[in-house]
Every structure is written in C-alpha cells, then in structure tokens.
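Coordinate inspection notes
Letter by letter, the chains look like this.
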Amino acid sequence: MGLSIDEQKAVDRFRKAVVEPSQTKLVILDFWAEWCGPCKALTPVLEKVAAEYADKGVVLSKLNVDEEQFIAAQFQVRSIPTVYAMFQGQPVADLTSARTESQLKAMLDQLLAQLPIDGGAGDGVPVEPQGPSPEEIAQFVKLGEEALAAGDPQRAAGIFAQITEFAQDNAPAHAGLVRALVQLGEVDQAKQVMEVIDSDPSLATDPAIAPARSALELAGTRVDDSELAALRAAAAAAPEDMDAQFAFAEAAFAAGQRDDAADTLLAMITADREWNEGAARAKLLKIFEATGLEDEWVVGVRRRLSRVLFG
C-alpha cells in the first residue's frame, strides 16, 4: 500500500485499538493531546459516560495526535478535541459538539437505538461490516453541512471526506467536500475532487453538484494580496465605476473576505440593479449557492438583499 514501516505500525495499532473492537461495539474515538486544555476538560466526561454505557456495548479509545500523527491525518483532524463514534471500522457520528454528560448520552442513545451493538461481554462473534445505511449517511451529510454553516470548513471537510470513502456515489457529500476545501483555500484539492465527480456521469449531472461548481468558479477569481489591495483601492477611489466595484467584489470573496464582497455587491444593486443585465445580483446569488443557503451568513445577507429589492 506504499506505507512506511512506522505508518504500518500505526495502522496496526489503530486496528487493534479501534477497528477490531468496533466490529461489535460502539467505540468513542477521542483525538487529544497533552497540551490541549479543552481535551483535559472533556476527558472526565468521556470516561464517566463510557463507563456507565459499558454494559450497552460502548468503549472509549483515546488517540494522542502527537504520537499518532499518521492516523490523525487520515481523519483530517485539524483541531482538538475531536471525537467520533466508530462502528464496524467506520465513523458513524461526530460527537465533538457533545461537551456535557447529557449531550453525549443523548447522542449515544440515538446511535445505540439504530445500530446492532453487542452489549456487555457479547459472544465474541465478529459482525461482518455493513457500512452505514442511507439514512445514516444522510445524517452525516447533515452534520457536514452544519459544520460548514457554523463556519468550520475544516471539520466539514473531514466529515465529507469520510462519507465519500464508504458512499462513493453520494453527490451531496462530494459537493460538500469541494465547497469545504474551497473555503479552506485548498482549491487544487477541490479541483481534484471535481475531476473525480466529472468522471462519473451520474455524479456529474446530479443537481447537488451545482453549488460545488459555483464555489470552484468563484475561487477562480482569487488574486494575490497586492492585487487585491490594488482592486480595493481602485474601487474606493471610484465608487461610481461599476466594473471596478465588481472586480473587487469577486476578488474579495475568493480571498475569503465575504463581508466586503457582499457589501460591495449590495451597494451596486442599490445604485443600479440593472447594471450589466443584473450581474451584481447574479453574482451574489451564486455566492449564496456556493456557500450554502442554510449558512447563517447567507441568511443574513439574503435579508439585506430583500430589503434592497423590496424594502
């Protein structure tokens, strides 16, 4: 598989500590580090709940990201603590948001009601991995979208990447991964994912892919810092120059400065909504699509647009 000896050892350790137990148990996988204060605060909660749920088939496995960098990289862990629920070798839920006993128990109860977990000691007979059901995959996609909407593209990328590994035909997951990578500035990686999408006609023509294409198109207008500064200065010096305003708005959004982009486009629509056949409004709508219509920032800007158009 092209792995080094150290990487092979890391995979073996992970298989014994997580994958094998997860064939019949629900494994709480906790990514942590000695220097992580929030991790130390979360540890007692995880340990207490895992102990209370042991007879229901729940076990806790802790993974030090400094000691197991290869495994952490495979899960695209970019912040800690990160906590996943693992079953039959696959992540079935992101538990990171559960920081209290009640929150964690509620999420575990939901999972235990859906999965064929072997409670207690069990009979030792391994269960053939089946992978998540379509309903469970839809829940994971929802988790990824929620992470994007909350402004956490790193976590969203990790969730969507995991989904695409065991649901290679899932268009929303592929689209979400592209959008998350674009927001992270990893445009080349996003283009590689889009190439995979385009190689599968059923994926490429799925309506869910449209926002990802919009995100990549918008990312194509990215410029370096000096050019962005020049475009900003040109727009500020000539507020009546719609071409200058539009060029700056495009570059600002591609650079992650979406507030500046939205403010500029809204000002353009206010001044002349019909300019260039409504190009400013069309660009803003494309930004909405690429970002996600449920994103809190999009919801706020859409309200502002409505006031401009109908207020």
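Sequence order as written defines the numbering, with residues in each chain counted from 1. For this predicted model, a pLDDT threshold of at least 70 governs which residues receive local features, and a threshold of 80 or more governs which side-chain atom pairs are given and counted, while totals over whole chains, interfaces and linings are taken from all residues. Working from all heavy atoms in the structure, the side-chain values ignore hydrogens and water.

Under an unreviewed UniProt entry, the name given to the protein is Tetratricopeptide repeat protein, and the organism recorded is Erythrobacter ramosus.

1. Focus: the state of the cysteines
Quick note on the threshold: Cysteine sulfur atoms that pair up within 2.5 Å are treated as a disulfide. When a residue's accessible area, from a 1.4 Å probe over protein chains only, is under 20% of the maximum for its type it is buried; when over 50% it is exposed; and in between it is partly exposed.
This model, assessed by the stated rule, comprises 1 disulfide. Disulfide pairing places Cys-36 opposite Cys-39 at an S-S distance of 2.3 Å. Disulfide Cys-36 to Cys-39: torsion about the S-S bond roughly 80°, handedness right-handed. On the basis of relative accessibility, which here comes to 4%, the residue Cys-36 falls in the buried class. Residue classification places Cys-39 among the buried positions, given a relative accessible area of 2%.

2. A look at the packing of aromatic side chains
As a reminder, the rule being used: Side-chain rings of Phe, Tyr and Trp, where Trp is taken by its six-membered ring, are said to pair if the distance between their centres is within 6.5 Å; with planes under 30 degrees apart they count as stacked, over 60 as edge-to-face, and otherwise as tilted. Counting from the N terminus, the helices are the DSSP runs of H or I reaching at least four residues and the strands are the DSSP runs of E reaching at least two. We call a charge positioned over a ring when the NZ of a Lys or the CZ of an Arg lies within 6 Å of the ring centre and within 35 degrees of the ring normal.
Counted according to the given criterion, the structure contains 5 aromatic pairs. Measuring from ring centre to ring centre gives 6.3 Å for Phe-31 and Tyr-84, while their planes differ by 85°; the resulting arrangement is edge-to-face. With a gap of 53 residues between them, Phe-31 in strand S1 (residues 26–32) and Tyr-84 in strand S3 (residues 82–87) connect regions that are remote in the sequence. Tyr-84 shares its class with Phe-31; the two are buried. In this structure an aromatic cluster arises from ring pairing among Phe-14, Phe-31, Phe-75 and Tyr-84. Geometry around Tyr-53 places Lys-56 over its ring, the cationic atom sitting 4.3 Å from the centre.

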